[in-house]
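Remarks on the overall topology
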Amino acid sequence: MRKFKKGIVYLLFAIPVITQLYPLLWLLLYSLKTNEEILDGSFFSFPKKFQWHNYYEAYTSGSYLKYLSNSVFVTALTMICVILLASMAAYAISRFRWKYGNVVMTIFLMGMMIPMQATLLPLMIIFKNMHILNTHWSLILPYIAFSTPIAVFILSGFMRAIPHEIEESAFIDGASVYRIFRSIILPVSVPPVMTVCILTFINIWNEYILAATFISSERLKTLPFGVYTFVSQYSVNYGNIGAFLVMGALPVILIYFFLSNQITKGMVAGAVKG
């Protein structure tokens, strides 16, 4: 009976693992096939000959480095701004006693419920009046706005559990609020900060809707637009598209694979200690 229960548990864990790995394996096989093999209807068949040149074409013809550099710039700047703003806001909400602390936290939580698609038209008008439409700032600013609420939620939950005696000792020694935040609170909050960094990176790296709406210049487009290089009026190179998608998803997969423990630790710390 014990073995049977263990087998049921393993089966329940195997189902989500298979459902998560199946699309990745399918995409990998897809990227190594010819157009004829892709269009013959055998979705999960192995290619007759691995088409490694699809990756070479995706790297050269797809302007991979140009799109990659744009994605790295937008994502990195967004992550830095989110960490700075969210950590300061979370510190003020969780450590200070002020009248509107709960109100401000509620506003941040309400921001988590606003769908990104509902803001496209207002943002388009605002950015046009600000003359930043079709620039990287038209992506970075909304990315920061949509990533900050969940970051404040995670960081504030962790910071509430930090003992106040640490701050009191620093105050007695003459440390200012900014010194305490920089030298004590931030170093202690490394696990949730890493969680926020990884979640922000994953959410922004493959974002398409805002980038397709606000960016029209070819030199400013981010990585998801590279697939359109292989789509013409009369033909589509599906193998190269698959290879480009694999190359675009590889950084996210590697980061999540090596730092998944940091996400778990940061989420648990914020949830339990908050």
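Under an unreviewed UniProt entry, the name given to the chain is Carbohydrate ABC transporter permease, and the source organism is Paenibacillus tritici. Under Subcellular location (unreviewed entry), UniProt gives the following word-for-word description of the chain: "Cell membrane".

1. Re unusual backbone geometry
The phi torsion of most residues other than glycine is negative, and most of the peptide bonds are trans. Positive phi values are uncommon outside glycine, yet H131 reaches one of about 60°. Since its relative accessible area comes to 71%, H131 is described here as exposed.

2. Quick notes on the nonpolar core
Within the largest apolar cluster, 59 residues are counted, with the highest numbers of intra-cluster contacts made by L139, I185 and F244. Elements with a minimum of two residues in this core: α3 (53–60), α4 (64–95), α6 (120–130), α7 (137–159), α9 (177–188), α10 (190–205), α11 (209–214) and α12 (238–273).

3. Thoughts on the pattern of salt bridges
On inspection of all chains with the given rule, the structure shows 2 salt bridges. R95 is paired through a salt bridge with E167; the nearest N and O atoms lie 2.5 Å apart. Of this pair, R95 sits in helix α4 while E167 sits in helix α8 (residues 164–172), and the two are 72 residues apart along the sequence. Each member of the pair R95 and E167 is classed as buried.

4. Overview of helix α5 (residues 101–111)
Every buried residue of α5 is listed here: G101, M105 and G111. Looking down the long axis of α5, one finds its buried residues gathered within 110° of arc, a one-sided arrangement. Away from the buried face of α5 by more than 90 degrees, exposed residues N102 and I107 are located. Among the structural elements, α4 and α7 are those in contact with the buried residues of α5.

5. Points about the packing of α7 against α10
Two numbers describe how α7 lies on α10: the axes approach to 10 Å, and their chain directions differ by 155°. The angle between the axes of α7 and α10 places the two elements in the roughly antiparallel class. Along this stretch, α7 crosses α10, giving a crossing that reads as right-handed. When α7 is examined against α10, the residues Y143, S147, A151, I154, L155 and F158 are found in contact with a partner set consisting of P192, V193, T195, V196, L199, T200 and I204. By residue class, the composition of the contact of α7 with α10 is 10 nonpolar, 3 polar and no charged.

Basis of the calculations
- Residues numbered from 1 in each chain as written.
- Predicted model: local features only at pLDDT ≥ 70, side-chain atom pairs only at ≥ 80, totals over all residues.
- Heavy atoms only, no water.
- UniProt positions renumbered as here; feature names shortened; annotations may be inferred.
- Buried < 20%, exposed > 50% of the residue type's maximum accessible area, 1.4 Å probe, protein only.
- Core = buried A, V, L, I, M, F, W, Y, C linked by side-chain atoms within 4.5 Å.
- Helix = DSSP H or I, 4+ residues; strand = E, 2+ residues; numbered from the N terminus.
- Salt bridge = Lys/Arg side-chain N within 4 Å of Asp/Glu carboxyl O.
- Arc of directions from axis to C-beta.
- Contact = heavy atoms within 4.5 Å.
- Axes fitted to C-alpha atoms, helices over the stretch in contact; angles between N-to-C directions.
- Parallel < 35°, antiparallel > 145°, perpendicular 65-115°, else oblique.
- Left-handed = near helix turned anticlockwise from the far one by under 90°.
- Nonpolar A, V, L, I, M, F, W, Y, C, P; charged D, E, K, R; others polar.

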